[in-house]
Amino acid sequence: MLREHGVVLKRCRGCLRVALLYPAVYEAAVASLAYQNLYYMLNSLEYVYAERFVASKMAGEEPLPRSLETGSALRDFDVVLVPVSYELDYVTLARMLLAAGIEPLAEKRRGEGPLLVLGGPVPSTNPLPALGLGDVVLVGEAEGLVEKIAEKVYEEGSRGVEALACTSGVLVKECTSPVRKHYVADLDSAFHSTMQFRVPGSGQPWGEAYMVEASRGCPHMCRFCMEAHFLLPTRHRSLGRLTELIEKGVEANGVSRVAFYALSFFDHPDADRLLEKVYEMGLEASIGSLRADTLTEDRVEVLSRLGQSVVTVAPETLSPRLCRVIGKCILGDKVEEVASWAWKRRMHLKLYLMLGLPGERDEDVEQYAEQLRELSRKAPPLRDAIRVSVNPLIPKPMTPLQYHSFIDRSTYEERVRILKRASSKVLSIESLSYRYAYAQAVIARGDDAIPALVREWASMGGRLGQLWRAARSLGINLERYTGSPEPLWHRFVYLGYSEKTLQLSYKYAYILAASQH
């Protein structure tokens, strides 16, 4: 860390000390734009000094957590702020707290030690697990909310939170009605870091790029997508603001690449002009998963000129029937068209597919496999010209598919085998471990029994196989979370739409799943 670029060191007598804890390893933290923004946003406040904590590894015994800036111990801070964007982050968080000598369960801490504040998409969409671990759960987006919490705690200590409890974005156990999501209406006025930390020469993040958020939210609102439902409504940063950020950011960080963050980049009204400007600046660019139905050959050409070597699209399904079920129809003809544009420029094609959709049958997956074989016959003699990543659908809270049952293991693994039989020199197919996805599904739709499960699992080391042992020791039946559990989270948060709306969308999805045309 001695060579790390962008570290904030402050002389700040009497400041509020905030431990900004990322519940994963450094390589993941450095690639999180939300974490980067939190670090510099907090340190822009004259009365706050925020230091970073990351995990040393993702399982096993964790050493005493110490800050990257000064080596301070975690329990010496006033506030521990934790962004949670992934369900299994809770287990890493509990491992780090145990290693620091801090009790992970809120009811057992009894107000001792730092104030533990959890936020991000996972706690916001289902706060039940978070409420058992944290003292406060932030519902919604950070800008404007984190500063308000920091100011109150600085002025009044932990009592300051009591004055904000149950108001927009601030959830505690005592709240008796749903807390409304806090969100930023105007992205141009929202904080965005210019400086970003990284270790020079490491290649992280994204080939050492300046990360910039172009848009927030997604207009397509696919029925499985937690991020789109959490980030509603869709907002865009203006072309002028983005240009300003890029000009300052690449200079401040000494990089020549820009990594854009957006759920659907080309839905930005100035996306093409933005990429033209990046090219005119002599920079390279990276954009993650793209919606195939927003791509044209000209856009693929621009991506190639900007140094991108892979075009990543996520059709999720290749079935005309099932695509309507999930509200996302990117069918074989469009995938083939995008592939031809990519291959013409010696670019690879990466596809994401999901298994376990409502109404899915083995014959649907057989048809996927045949379509992939047909596509591979048209591919150039380029090793892994097509890379396919297969995952089970994990029904997420606050989406229409929150009511859907998680696919069983034998069905998932058989359907993965069907797909993998299509593999060839030009077509590689990899699949997510069923147990890994199962653990996500359990926590995603968990209730107030999950915090004790997380603590027990973490105390054992947090390895994947130890989840079932932890559940047995506590007498918890994990299957109750993978069936079709009652969505209790609606009693705690309001994200801008009702449960009835989600129910109607889910029922309509099942009507579509049963149709033949």
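Residues numbered from 1 in each chain as written. Predicted model: local features only at pLDDT ≥ 70, side-chain atom pairs only at ≥ 80, totals over all residues. Heavy atoms only, no water.

Comments concerning the sheet that holds strand β11 (residues 257–261)
Here's step 1: Strand order in this open sheet of 3 strands is β8-β11-β12, and the pairing throughout is parallel. At either end of the open sheet lies a strand with only one pairing partner, and these are β8 (210–213) and β12 (284–287). Here the strands of the sheet are splayed against their neighbours by 25° on average, with no regard to which way each runs.
Here's step 2: Sheet topology note: the β8/β11 ladder contains 4 bridges and is parallel. By the bridge assignment for β11, Met 211 is matched with Ala 259. (Pairing = 2+ DSSP bridges. Helix = DSSP H or I, 4+ residues; strand = E, 2+ residues; numbered from the N terminus. Axes fitted to C-alpha atoms, helices over the stretch in contact; angles between N-to-C directions.)

Observations concerning the nonpolar core
Note on soluble globular proteins: their nonpolar side chains tend to be buried together.
Here's step 1: Residues Phe 260, Phe 265, Leu 349 and Ile 386 are the most contacted members of the largest nonpolar core, which totals 176 residues.
Here's step 2: Excluding residues within four positions of it along the chain, Phe 260 makes contact with Val 212, Ala 214, Ile 246, Phe 265, Leu 274, Leu 275, Val 278, Ala 285, Ser 286, Ile 287 and Gly 288. (Core = buried A, V, L, I, M, F, W, Y, C linked by side-chain atoms within 4.5 Å. Buried < 20%, exposed > 50% of the residue type's maximum accessible area, 1.4 Å probe, protein only. Contact = heavy atoms within 4.5 Å.)

Considerations on the packing of aromatic side chains
Each aromatic ring pair is specified by the distance between its two centres and by the angle formed by the two planes.
Here's step 1: Applying the stated rule across the entire model yields 17 aromatic pairs.
Here's step 2: Between Phe 265 and Phe 266 the ring centres are 5.1 Å apart and the planes differ by 85°, which places this aromatic pair in the edge-to-face class.
Here's step 3: Judged by centre distance (5.3 Å) and plane angle (40°), the rings of Tyr 403 and Tyr 506 are tilted. Of the two residues, Tyr 403 sits in the loop between β15 (386–392) and α16 (409–420) while Tyr 506 sits in helix α21 (residues 499–514), which places them 103 residues apart along the sequence. The same class applies to Tyr 403 and to Tyr 506, which are both buried.
Here's step 4: Taken together, the ring pairs connect Tyr 22, Tyr 26, Tyr 35, Tyr 39, Tyr 40 and Phe 197 into an aromatic cluster.
Here's step 5: Positioned above the aromatic ring of Tyr 39 is the side chain of Arg 52, whose terminal nitrogen or guanidinium carbon lies 4.7 Å from the ring centre.
Here's step 6: We note Arg 305 situated over the ring of Tyr 279; from NZ or CZ to the ring centre the distance is 4.6 Å. (Phe/Tyr/Trp six-rings, centres within 6.5 Å; stacked < 30°, edge-to-face > 60°. Lys NZ or Arg CZ within 6 Å of the ring centre and 35° of its normal.)

Describing the packing of helix α17 (residues 434–444) against helix α18 (residues 450–460)
Here's step 1: Packing of α17 against α18 leaves a shortest axis separation of 10 Å and a crossing angle of 140°. The angle between α17 and α18 places the two elements in the oblique class. Each of Ala 439, Val 442 and Ile 443 in α17 lies in contact with α18, whose residues at this interface are Ile 450, Leu 453, Val 454 and Trp 457.
Here's step 2: Partitioning the contact of α17 with α18 into residue classes produces 7 nonpolar, no polar and no charged. (Parallel < 35°, antiparallel > 145°, perpendicular 65-115°, else oblique. Nonpolar A, V, L, I, M, F, W, Y, C, P; charged D, E, K, R; others polar.)

Points about the state of the cysteines
Here's step 1: Within the structure shown, the criterion is met by 3 disulfides.
Here's step 2: Ordering the disulfide-forming cysteines of the protein by sequence position, one finds them joined as 1-2, 3-4, 5-6.
Here's step 3: A disulfide-free cysteine, Cys 218 has its sulfur positioned 6.1 Å from the sulfur of Cys 222, the nearest such atom. (Disulfide = S-S within 2.5 Å.)

Description of the side chain of Lys 328
Here's step 1: Of note, Lys 328 is situated in the loop between α13 (320–326) and α14 (332–344).
Here's step 2: Residue Lys 328 is classed as buried on the basis of its relative accessible area, which comes to 9%.
Here's step 3: A polar contact is formed between the side chain of Lys 328 and the side chain of Glu 316, at a distance of 3.2 Å.
Here's step 4: Not counting chain neighbours up to four residues away, the residues in contact with Lys 328 comprise Cys 222, Phe 224, Arg 291, Ala 314, Pro 315, Glu 316 and Cys 323. (Polar contact = N/O pair within 3.5 Å; in protein donor to acceptor, adjacent residues only side chain to side chain.)

Let's talk about the pattern of salt bridges
Here's step 1: All told, the structure shown has 38 salt bridges when counted by the stated rule.
Here's step 2: Among the salt bridges present, the one from Glu 413 reaches Arg 409, with a minimum N-O distance of 2.9 Å. With Glu 413 and Arg 409 both in helix α16 and 4 residues apart, the pair spans about one turn of that helix.
Here's step 3: Given the relative accessible area of 42%, Arg 409 is considered partly exposed.
Here's step 4: The network of salt bridges with shared partners includes Glu 141, Glu 143, Glu 213, Arg 216, Arg 235 and Arg 237. (Salt bridge = Lys/Arg side-chain N within 4 Å of Asp/Glu carboxyl O.)

Some details on helix α10 (residues 239–253)
Here's step 1: In this model α10 runs 21 Å from its N-terminal to its C-terminal C-alpha over 15 residues, within 8% of the 21 Å that 1.5 Å per residue would give.
Here's step 2: Its buried side turned inward, α10 meets β8, β11 and α11 (271–280).
Here's step 3: Phi turns positive one or two residues past the end of α10, at Gly 254, with a value near 65°. (Expected span 1.5 Å × (residues − 1).)

Looking at the pairing of strand β4 (residues 115–119)
Here's step 1: Of all 5 residues in β4, 5 are buried; the element is thus mostly enclosed.
Here's step 2: Residues Leu 115, Val 117 and Gly 119 of β4 are buried on one face, and the alternating residues Leu 116 and Leu 118, pointing to the opposite face, are buried as well.
Here's step 3: Of the strand pairs in this sheet, strand β3 (residues 79–83) and β4 are connected by 5 bridges, and their pairing is parallel. Note on β4: the bridge partner recorded for Val 79 is Leu 115.
Here's step 4: As paired elements, β4 and strand β5 (residues 136–138) share 2 bridges and run parallel to each other. The partner of Leu 118 across the bridge, within β5, is Val 137.

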